Amino acid sequence: MTTIDTSRPEQIARDAPEPTSVPAVTLALSVAGISHCYGRRRALSDVSFGVAPASFTALVGLNGAGKSTLIALITRLFGIQAGRISVFGHDISDTPGDALRLLGVVFQPRTLDLDLSVMQNLLYHAALQGIARREARLRGDEVIARIGLADRVNSRVRDLSGGQMRRLEIARALLHRPRLLLLDEATVGLDVQARADILAHVRTLVAERGIGVLWATHLFDEIAESDDLVVLHGGHVLAQGSVTQILGETGAPNFDTAFRSMTEAADRRGRPS
Amino acid sequence: MSTTFVTHEHRKLGFGNYVTCLNGILWREALRFLHQRERFVSALVRPLVWLFIFAAGFRQVLGISIIPPYETYILYEVYIAPGLIAMIQLFNGMQSSLSMVYDREMGNMRTLLVSPLPRWFLLVCKLLAGTVVSLLQVYAFLLIAWFWDIAPPLIGYLTVLPALVLSGLMLGSLGMLISSRIKQLENFAGVMNFVIFPMFFASSALYPLWRVQEGSPMLYYLCLFNPFTHVVELIRFALYDKVNWVSLAVVAGCTAVFTIGAIIAYDPGRGLARRAPAGGET
């Protein structure tokens, strides 16, 4: 286990570089003691971690680890059964509107309307955020240009490639200018080049726009040394901290090996540590 | 790492944001409707088949006595027109719920549900949008029916509007409530068998209740307690510039109950919380 105490997510904020306009105590995302069951099946057990503003945090776990359940809880698609989640200090259960306004989400399944055009999808999302049409169009033009789809603005979304759809989903998630971006397996099903482009685009958002990112993935090659990691396995947090910290704790030469040793040890014990 | 923050908006959402959201949802439903021309055509063909073929065939078989709101003997086609209008709205309500199940399966629903605006408001907007679409279909049907000698008083075209809005909301909210309980698109066929057909046939849409009572007192009570009967009667009376107060009360009450039920069912802490994410996601 790393040196970061999982039961005190606010510690991450103290360890993270201090942003200029957000107090260090205010995490972009705070997940504290979250547990969730589907009937009798437990999907998450006492999950706690935090995401600092202007940081890239990778939520790493195999299929079935509980990543999508966690994203559904953070975005209030599911009600919280135990624990608390807050976005920049706004509790998702008590003040969902305030929390959701600060949140941009790219879900694992495609959530674009395939029969609408690129711009129409953006305008629809903007309306759901309460952004007036004229302003929405301005922002839409801006984000479409940024993702290189200016020539496809009136194309139906079903005519776009998988990579273009994902870029559009990211652009849409940023349209209301959130401060925290959640991406759930955003590169699944894309080719190597499209994956690299999207990952680079998101890292640029962190560096240039100060957006906090929670990147859920099971693809370890998407993790960079500078990233914060949260390792989720069987609904439990096995480790969290920087890549360097986790490698130091496990003594593994790379994250792939470290992950395997952590999860195998947890499975041997019958329950994760 | 740079920590330059862009300017973010922290103002509370105001009335204007709610109106923008409502407009956006209406606009999207209208676009979808325009893109699905087959839906519009089939929504019209269905009642027209009943009107042109079924009603013409049964005209000689079924006699209609003078019953309110009619003040004289009427043709059978005239009698079933309000029932066919209600049928359009019933199918439209179920179609909306079908599209909600589809949206949920395809993931589009999440875009709606992660909006910062209150979930009850988003669902009411969806209901209103579905109702507006049903109004377009109903007035197109009334226009065609006019050429078939189904011509209520001119004022009726106006006085029926509030009744259509209310009945559209009732049937839409019923569809929404049903959609919250349907786990897969494939299960929707059951809605046809267990909701649409029983509601339509066990009502006053095709035959007046006094005739049903003559045939089967039990069926009569079933029809009497069927909310769809009251949708039909509300529309029938409104088309003739009259109000059926009992039907109005039943339809308004059912609208409230179904809408509240749908809002509870789509509450994250209740309805949706019970389901695991779709395949592959956990």
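These figures come from a predicted structure and were not determined experimentally.

Draft legend 1. Highlighting the overall build of chain B. Assigned secondary structure in chain B consists of eleven helices and zero strands. Along chain B, helices (α) and strands (β) appear in the sequence α-α-α-α-α-α-α-α-α-α-α when read from the amino end. Counting only residues that meet the buried cut, chain B has 54% of its 282 residues in that class. Here the analysis covers contacts within chain B between residues at least 6 apart in sequence; of these, 78% occur between residues at least 24 apart. Accessible surface, chain B: about 12,700 Å² in total, of which carbon and sulfur atoms supply 69%.

Draft legend 2. Expanded view of the layout of surface pockets. Here the second largest pocket defines a volume of roughly 320 Å³. In this structure, the second largest pocket is lined by 19 residues; those nearest its centre are Asp-115 of chain A together with Arg-32, Tyr-102, Asp-103 and Asn-108 of chain B. Elements that contribute at least two residues to the lining of the second largest pocket include exactly α1 (15–35) and α3 (76–106) of chain B. Among the elements that line the lining of the second largest pocket, the one with the most residues is α3 of chain B, at six residues. Counted by class, the lining of the second largest pocket contains six nonpolar, five polar and eight charged residues.

Draft legend 3. Highlighting a nonpolar patch on the surface. A surface patch of nonpolar side chains, amounting to about 520 Å² of accessible area, comprises Val-41, Val-45, Val-49, Phe-52, Ile-53 and Trp-148 of chain B. Examined against the element boundaries, Val-45 of chain B turns out to sit in helix α2 (residues 37–58).

Draft legend 4. Highlighting the sheet that holds strand β6 (residues 103–106) of chain A. Residue and element names in this part refer to chain A. With mixed pairing, the six strands of this open sheet are ordered in space as β6-β7-β8-β3-β9-β10. Each of the sheet's edge strands pairs with one partner strand only, and the pair in question is β6 and β10 (236–242). Each neighbouring strand pair of the sheet contributes to a mean axis angle of 15 degrees, computed without reference to strand direction. Across six bridges, the pairing between strand β9 (residues 228–233) and β10 is antiparallel. Directly across from Val-231, in β10, lies its bridge partner Ala-239. Here helix α8 (residues 243–250) sits on the sheet and contacts β9 and β10; the angle it forms with β10, its principal contact strand, is near 115 degrees. Strand contacts of helix α9 (residues 255–268): β3 (56–60), β9 and β10, with the helix running at about 35 degrees to β9, the strand carrying the most contacts.

Draft legend 5. Focus on the pattern of salt bridges. Residues and elements named next belong to chain A. Under the criterion given, the structure shown has 16 salt bridges over all chains. Between Arg-139 and Glu-135 there is a salt bridge, with its nearest N and O atoms 2.8 Å apart. In this pair, Arg-139 and Glu-135 both sit in helix α5 (residues 133–146), four residues apart, roughly one turn of the helix. Where Arg-172 meets Glu-169, a salt bridge forms, and the shortest distance between an N and an O atom there is 3.8 Å. Remark: Glu-169 and Arg-172 occur in helix α6 (residues 162–174); sequence separation between them is three residues, near one turn of the helix.

Draft legend 6. Just the pairing of strand β7 (residues 180–184) of chain A, in detail. Residue and element names in this part refer to chain A. Along β7, five of the five residues are buried, which leaves the element largely enclosed by surrounding structure. Taking every second residue as pointing to the same face, both faces of β7 are buried, with Leu-180, Leu-182 and Asp-184 on one and Leu-181 and Leu-183 on the other. Two elements, β6 and β7, share four bridges in a ladder whose sense is parallel. Among the inter-strand pairings, Gly-104 is bridged to a residue of β7, identified as Leu-181. Bridge count between β7 and strand β8 (residues 212–217): five bridges; the pairing is parallel. Pairing of Leu-183 across the sheet is with Trp-215, part of β8. Each parallel crossover has a hand, and for β7 linked through helix α7 (residues 192–209) to β8 it is right-handed.

Draft legend 7. Structural detail: the packing of aromatic side chains. The tally for this structure, following the rule as stated, stands at 18 aromatic pairs over all chains. Ring geometry for Trp-146 of chain B against Phe-147 of chain B: centres 5.2 Å apart, planes inclined by 80 degrees, an arrangement best described as edge-to-face. Take Phe-147 of chain B: its relative accessible area is 63%, and that puts it in the exposed class. Lying across the ring of Trp-27 of chain B, Arg-133 of chain A places its NZ or CZ 4.5 Å from the centre. Lying across the ring of Phe-107 of chain A, Arg-110 of chain B places its NZ or CZ 5.1 Å from the centre.

Conventions used here
Residues numbered from 1 in each chain as written. Chains lettered and ligands numbered in written order. Predicted model: local features only at pLDDT ≥ 70, side-chain atom pairs only at ≥ 80, totals over all residues. Heavy atoms only, no water. Helix = DSSP H or I, 4+ residues; strand = E, 2+ residues; numbered from the N terminus. Buried < 20%, exposed > 50% of the residue type's maximum accessible area, 1.4 Å probe, protein only. Contact = heavy atoms within 4.5 Å. Areas by Shrake-Rupley, 256 points an atom, 1.4 Å probe, with all protein chains shown as cover. 1 Å grid on protein atoms, 1.4 Å probe; cavity = no way out; pocket = protein on both sides within 12 Å on 5 of 7 lines; lining within 4 Å. Points joined across faces, edges and corners; volume = space filled by probe spheres on them. Nonpolar A, V, L, I, M, F, W, Y, C, P; charged D, E, K, R; others polar. Patch = residues over 30% accessible without salt bridge, like charges linked within 9 Å, V, L, I, M, F, W, Y side chains within 5 Å. Salt bridge = Lys/Arg side-chain N within 4 Å of Asp/Glu carboxyl O. Pairing = 2+ DSSP bridges. Axes fitted to C-alpha atoms, helices over the stretch in contact; angles between N-to-C directions. Right-handed = clockwise from strand over helix to strand, strands pointing away. Phe/Tyr/Trp six-rings, centres within 6.5 Å; stacked < 30°, edge-to-face > 60°. Lys NZ or Arg CZ within 6 Å of the ring centre and 35° of its normal.

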